[in-house]
There are 2 protein chains.
Amino acid sequence: MRRSEIRNHLLETALRLFNEHGYQATGIDLIIAEAGVAKTTLYRHFETKEDLILAALERRDEEDRSAMRAFVDDHATDPLERIFATFDFLEAYVDDWRFSGCIFVSAAGEHKDTVDPVFRAAVMHKRLTLAYFEELVHAARFVEPKRIAAEIHLLHEGAVVVAQMSRTAEPVRQARQMARKLFATAEQSPLSRSAPHAAPGAKA
Amino acid sequence: MRRSEIRNHLLETALRLFNEHGYQATGIDLIIAEAGVAKTTLYRHFETKEDLILAALERRDEEDRSAMRAFVDDHATDPLERIFATFDFLEAYVDDWRFSGCIFVSAAGEHKDTVDPVFRAAVMHKRLTLAYFEELVHAARFVEPKRIAAEIHLLHEGAVVVAQMSRTAEPVRQARQMARKLFATAEQSPLSRSAPHAAPGAKA
DNA sequence: ATCTATCGATACAGATCGGTATCGTTTAAT
DNA sequence: ATTAAACGATACCGATCTGTATCGATAGAT
């Protein structure tokens with residue numbers, strides 16, 4: 001294995017095991033065994049296990065959010081439909097056979113102290129995801145974009161947790177239906193959302 | 001301390017510590033130290049740590065659901081308002097300074113194997129909670145009661161997870177608003193709910 | 001081709017884990 | 001008052017944990 005690939009390989013292996021068994025339950029020895037790497041090698045790339053967890057979460061954060069962006073860009077152009085497309089992305093995410101809950105929620109559940117770096121990393125992921133929702137909602141010209149974005153976020157989180165327990169993607173489909181019902185009646189800006197010319201204060 | 005109280009005391013102590021630090025992170029030694037009890041005593045009441053976890057979850061399950069029932073009974077008589085009262089209960093639950101996320105979701109996050117008894121116990125709690133929602137929805141004469149109950153459940157779970165990250169009760173209030181908007185337009189049975197006159201029993 | 005940094009393998013340290021064994025003391029029921 | 005069970009305290013077991021030390025082999029860059 002090439003030198004520069006080891007770090008990536010370690011992160012991917014750790015991420016997979018964290019997702020399968022959790023953080024505390026995943027020992028360093030298991031990670032290096034699955035990665036086929038010596039313990040010294042792991043500790044040359046990551047100072048502590050916590051550093052490995054943080055690096056893994058950071059990587060997954062970027063992966064997830066850029067994957068959602070790409071999915072939305074690929075599947076919808078209409079600003080309103082782009083909002084609903086996030087639920088389609090979520091459905092595919094939950095339908096993966098490796099799915100066993102949101103790893104950030106699990107990370108927050110295992111590191112409950114609000115000053116714990118792992119907890120803070122989980123919170124940061126949710127904040128960045130919420131910020132993307134705000135972009136989408138803003139582009140759809142909703143009034144109170146922050147409120148609508150928070151509602152989308154809440155639906156996403158609820159769907160994922162229920163899906164984690166029921167091991168079905170049905171909660172995600174239900175969340176999308178709820179979103180459609182909620183945002184069909186949500187008042188939009190006087191300048192209708194399909195207006196090709198930019199509305200004042202448009203961010204993206 | 002009286003003999004019969006030891007088991008209860010152990011369960012309460014364990015529950016508190018599990019809620020503070022999680023399950024794996026809470027060692028037996030910490031539990032007995034906080035409970036002021038010898039290790040032999042703990043193992044005379046519970047065969048293994050897993051048994052202690054399961055007993056704690058079972059206890060908490062019954063406590064939570066009976067507390068929600070009592071709250072709803074106390075705060076609303078109108079069948080529709082009783083549904084919304086569950087969100088008021090949830091708000092008080094989340095507003096507690098000891099709140100750090102749903103212990104059943106955390107339990108499922110730390111025991112991801114679907115055949116793990118702890119995971120199954122967490123799932124059972126959610127199923128029983130959902131069943132109660134179905135009772136409430138049925139009493140409110142909604143068509144498709146199971147669908148409506150699942151939506152309430154999804155809103156609850158989403159609110160709790162977002163509240164876990166933000167450490168605010170605001171997500172719960174938002175979830176209640178979403179429920180009001182969703183179920184205001186939800187079609188009810190031809191026999192409209194019994195009280196056509198102004199809603200009594202709404203919370204103060 | 002040589003040098004240097006990183007690799008794999010292994011052994012080990014020190015702490016902590018869940019759980020057991022022992023024993024003297026206390027408590028509840030007869 | 002006596003008996004039997006549960007108690008507290010403590011020492012201990014084997015396993016596992018994160019992290020370090022050592023050392024020969026290997027690979028990248030010059």
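Thresholds applied
Residues numbered from 1 in each chain as written. Chains lettered and ligands numbered in written order. Predicted model: local features only at pLDDT ≥ 70, side-chain atom pairs only at ≥ 80, totals over all residues. Heavy atoms only, no water. Helix = DSSP H or I, 4+ residues; strand = E, 2+ residues; numbered from the N terminus. Buried < 20%, exposed > 50% of the residue type's maximum accessible area, 1.4 Å probe, protein only. Contact = heavy atoms within 4.5 Å. Areas by Shrake-Rupley, 256 points an atom, 1.4 Å probe, with all protein chains shown as cover. Buried area = accessible area lost by both parts, 1.4 Å probe. Salt bridge = Lys/Arg side-chain N within 4 Å of Asp/Glu carboxyl O. UniProt positions renumbered as here; feature names shortened; annotations may be inferred. Axes fitted to C-alpha atoms, helices over the stretch in contact; angles between N-to-C directions. Parallel < 35°, antiparallel > 145°, perpendicular 65-115°, else oblique. Left-handed = near helix turned anticlockwise from the far one by under 90°. Nonpolar A, V, L, I, M, F, W, Y, C, P; charged D, E, K, R; others polar. Least-squares fit on C-alpha atoms with pLDDT ≥ 70 in both. Core = buried A, V, L, I, M, F, W, Y, C linked by side-chain atoms within 4.5 Å.

Looking at an unreviewed UniProt entry, one finds chain A named AcrR family transcriptional regulator, with Mycoplana azooxidifex as its source organism.

Quick word on the overall build of chain A
Counting its regular elements, chain A contains nine helices and zero strands. Across chain A, helices and strands are ordered from the amino to the carboxyl terminus as α-α-α-α-α-α-α-α-α. Across the 204 residues that make up chain A, the buried fraction comes to 53%. Contacts in chain A between residues far apart in sequence, at least 24 positions, make up 67% of those at least 6 positions apart. Put simply, chain A shows about 9,600 Å² of open surface, and 52% of that area lies on carbon and sulfur atoms.

Structural notes on the interface of chain B and chain A
Taken together, the contact pairs 41 residues of chain B with 41 residues of chain A. Taking both partners together, chain B and chain A bury about 3,400 Å²; carbon and sulfur atoms supply 67% of that area. Per-residue buried area on chain B facing chain A is highest for Lys112, Leu154 and Met165 of chain B; these three make up 23% of the total on that side. Our count for the chain B to chain A interface comes out at zero salt bridges.

Quick word on the UniProt feature "DNA-binding region" (unreviewed entry) in chain A
If you check UniProt for "DNA-binding region" (unreviewed entry), the listed places come out as residues 27–46 of chain A in our numbering. Along residues 27–46 of chain A the backbone is 75% helical and 0% strand, and the end-to-end C-alpha distance reaches 14 Å.

Description of the packing of helix H5 (residues 79–95) of chain B against helix H7 (residues 117–139) of chain B
Residues and elements named next belong to chain B. Where H5 meets H7, the closest approach of the two axes is 8 Å, and the angle between their N-to-C directions is 155°. When the interaxial angle is binned, H5 and H7 end up roughly antiparallel. For the pair H5 and H7, the sense of crossing is left-handed. Along its contact with H5, which presents Pro79, Arg82, Ile83 and Thr86, the element H7 presents Tyr132, Phe133, Leu136, Val137 and Ala139. Residues of the contact of H5 with H7, tallied by class, amount to seven nonpolar, one polar and one charged.

Here's the deal with the relation of the copies chain B and chain A
Mapping chain B onto chain A leaves a residual RMSD of 0.0 Å; the transformation is a rotation of 180° accompanied by 0.0 Å of translation along its axis. Taken together, the rotation angle and the small translation identify this as a two-fold axis. Distance from the rotation axis, computed per C-alpha, reaches its smallest value in chain B at Gly158 of chain B: 1.7 Å. Interface overlap between copies: 100% of the residues of chain B at the interface are likewise at the interface in chain A, consistent with a symmetric, same-surface contact.

Quick look at the packing of helix H5 (residues 79–95) of chain A against helix H9 (residues 170–184) of chain A
Residues and elements named next belong to chain A. It is at 9 Å that the axes of H5 and H9 come closest, and there the two elements cross at 170°. One way to sum up the angle between H5 and H9 is to call them roughly antiparallel. Between H5 and H9, the contacting residues are Glu81, Phe84, Phe87, Asp88, Leu90, Glu91 and Val94 on the first element and Val172, Arg173, Ala175, Arg176, Ala179, Arg180 and Phe183 on the second.

Structural notes on the nonpolar core
If you look at the biggest cluster of nonpolar residues, it comprises 135 residues, and the most contacted ones within it are Leu155 of chain A together with Leu155 of chain B. With residues near it in sequence (within four places) discarded, Leu155 of chain A still touches Phe87, Ala175, Met178, Ala179 and Leu182 of chain A together with Leu154, Leu155 and Met178 of chain B.

Some points on unusual backbone geometry
With a phi angle near 55°, Glu144 of chain A is a residue other than glycine that sits in the positive phi range. Its place among the elements puts Glu144 of chain A in the loop between helix H7 (117–139) and helix H8 (145–166). Even without a glycine there, the phi angle at Arg141 of chain B is positive, about 60°. Inspection of the secondary structure puts Arg141 of chain B in the loop between H7 and helix H8 (145–166).

Let's talk about helix H6 (residues 103–110) of chain B
Three- or four-residue spacings in an α-helix give side chains the same orientation, since the helix completes a turn every 3.6 residues. Most of H6 of chain B is tucked away, with eight of its eight residues classed as buried. Three or more residues of H6 of chain B are buried, namely Ile103, Phe104, Val105, Ser106, Ala107, Ala108, Gly109 and Glu110 of chain B.

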